[in-house]
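For reference, the chains in residue letters:
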Amino acid sequence: MPSLEEELFPSTPGKVKIDRTHTIHRQFHRCFASTSTMFLWALFLIALTASYLSFQSFVDTSSKYFTASWGGIQWEKQVRNSALIRRPAGMSVLVTGAAGFVGTHVSLALQKRGDGVVGLDNFNSYYDPSLKHARKKLLADHGVFVVDGDINDARLLAKLFDVVAFSHVMHLAAQAGVRYALENPGSYVHSNVAGLVTLLEACKAADPQPAVVWASSSSVYGLNSKTPFSESDRTDQPASLYAATKKAGEEITHTYNHIHGLSITGLRFFTVYGPWGRPDMAYFFFTRNILQGKPITIYRGKDRVDLARDFTYIDDVVKGCLGSLDTAGKSTGSGGKKRGPAPYRIFNLGNTSPVTVPELVGILEKQLKVKAKRNYVEMPGNGDVPFTHANVSLARREFGYKPTTDLQTGLKKFVKWYMSYYGYHQHGKRV
Ligand SMILES: NC(=O)c1ccc[n+]([C@@H]2O[C@H](COP(=O)([O-])OP(=O)(O)OC[C@H]3O[C@@H](n4cnc5c(N)ncnc54)[C@H](O)[C@@H]3O)[C@@H](O)[C@H]2O)c1
C-alpha cells in the first residue's frame, strides 16, 4: 500500500523519487541564506511586535474608560424598569451625566411626573465622586437607575438603545469648569467633543431616533461686551477651552441635524446653583471656606471692577430643561438618512439679573452668620469672563420659561442642604 507521501508525489518510472524532507531543508536554507529575505523576515517580526504593542495599548486605554460594569440579564431588567413610562403620552429619556448636579435634578423631575428615565454617568473624579454616588443613591431611592459608563463607549450606547427605544436624550454629561482646562485639557476633548460625537452617532443609528436636548453654556458668549446676551449674538470669541468645546458642540450637533435629521435643542445655562451643587463652583467652596474660617479669594476685573454672574437657581433650569424636552420636535432620520428637516434650536436659560461676586459673598455671610475673610485678587487670565447676563425671551416665547427664584432665596435653600449634607448645626458647628 503506498504511503501518503507516495500518493501525493507518485514516483514516475525513469525519474528519481523526490526526497521531500531533504528538499524542504534545502529551501529553508536557501531562503535564509539570502540577505534580502532575512531583511524581510526582520521587517515582518518588527511589524508583528509593533502591532502587538499597539493592540495592548488600545486595550489598556479602552479599559481605562470602559470598565465593563454593565450588561447581563439583571442589568437589562434594571434599565427596562427605570425606563417605564407611568403617564399618558409620557417620554422615555436617557439622561447622560445623571449623577451630576443638573442631571440629578432633571432626572428626579422627569421621574416624578411619570416619565421613564435611565441615567448614564462615568463617576469621574473631577470633583468628589462620593457626592456623585450620593446623588445616584438619591435617584435609586426614587426608582431611577444610573448606568456606570462612559459616553465614549459606543457598545454600551448601542446596547442601551437596543434595550430601550428612548424617545429623548437629555445630554448633560461633560467636563465642566473653566479653570481645570489649564490642568487637564484632554478631559474636555474626551467628554465634550469625542463623547458628544459618539453619543450622536448612537442617536443617529437608533430606530426610532430620539430627540436630543443638550447642555451648551453661556460661556460661548466669551468676550462679548453687548448685554444682555441673546442667542443671535456672536459666539466666536471663546475665552476658555471649555467654552471652545461647547461652541464646537453647537456646530457638531448642527451637522447631525442637517445630515441625519436629528432634532436638536442646545441650552446655554448661566451659572446654575442650588442643593446638591458642584463643589468646584465659587458659591459652594466659598460656603465651605467661610464655615471653616478660611480666607476666600475674590477675583476682580480690570480697574477693580467686580465680576458679576447671572446666577440661575436649579429649579428654574430644570423647568427650562423639561420645557425643552416637551417642545422638542421629532427627529426625522432612519437608517442614517433624514426624511425631512428636523428642528435645530438654541436657548439661553438664565436668571436675567446679574449679581456681583462680593454681593454673593454678602448673602452667604448673612445666611451662614459668619463673616468671610475676603482676599481680593486681580483676575488671572484663566478663562473666566467678567460678567454674564441672559436675555431669555426666546425660551419664554417657545415654552414659557420664566425664572422665579432670586439669589437670596436660592442660596438659602443651598445653605440648608449644605448644612444637612455635611452635618453642620445651624450656627456653623459640625455635628
Ligand atoms: N452648572 C453650571 O453652572 C453649568 C453652566 C453651563 C453649562 N453647564 C453644563 O451643564 C451640564 C451639567 O453640568 P453640571 O453642573 O451638572 O456638571 P456635573 O459635573 O455635576 O455633571 C456632569 C456629569 O457628567 C459626568 N461625565 C463627565 N464626562 C463623562 C463621560 N465622558 N461619560 C459619562 N459621564 C460623564 C460626570 O461624572 C458628572 O457627574 C454640563 O454639560 C455642563 O457643561 C453647567
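See above for the structure.
Thresholds, definitions, all that
Residues numbered from 1 in each chain as written. Predicted model: local features only at pLDDT ≥ 70, side-chain atom pairs only at ≥ 80, totals over all residues. Helix = DSSP H or I, 4+ residues; strand = E, 2+ residues; numbered from the N terminus. Near = placed C-beta within 6 Å. Nonpolar A, V, L, I, M, F, W, Y, C, P; charged D, E, K, R; others polar. Buried ≥ 20, exposed ≤ 12 C-beta atoms within 10 Å, placed from the backbone. Pairing = 2+ DSSP bridges. Right-handed = clockwise from strand over helix to strand, strands pointing away.

*Asks:* Requested: an account of unusual backbone geometry, with residues and values cited.
*Replies:* Most of the time, phi is negative for any residue but glycine, and the peptide bond is trans. The peptide bond linking D207 to P208 adopts the cis configuration, its omega dihedral lying at 5 degrees. By the secondary structure assignment, P208 is in the loop between α8 (185–205) and β5 (211–217). Cis peptide bonds are those with omega within 30 degrees of zero, and the linkage from T227 to P228 qualifies with -10 degrees. In this structure, P228 sits in the loop between β5 and α9 (241–260). Positive phi, normally seen in glycine, also occurs at A89, with a value near 55 degrees.

*Asks:* So what's going on with the site of the ligand? Which residues, and what values?
*Replies:* Around the ligand, the surrounding shell holds 27 residues, and the nearest of these are G97, G100, F101, A174 and A215. When residues of the shell around the ligand are traced back to their parent elements, those giving at least two are α5 (101–112), α8 and β5. Counting residues per element, the shell around the ligand draws most heavily on α5, which supplies 3 residues. Class assignment of the residues belonging to the shell around the ligand gives a composition of 12 nonpolar, 11 polar and 4 charged.

*Asks:* Outline the pairing of β5, supporting the account with residue identities and numerical values.
*Replies:* Among the 7 residues of β5, 7 are classified as buried, and the element is accordingly described as predominantly covered. Burial along β5 is two-sided: the face carrying A211, V213, A215 and S217 and the face carrying V212, W214 and S216 are both buried. Note: strand β4 (residues 168–171) against β5, 4 bridges, orientation parallel. Its bridge partner being in β5, H168 is matched across the sheet by A211. In this region the chain leaves β4, passes through α8 and returns to the parallel neighbour β5; the handedness of that crossover is right-handed. For the segment spanning β5, α9 and strand β6 (residues 264–269), crossover handedness is right-handed.

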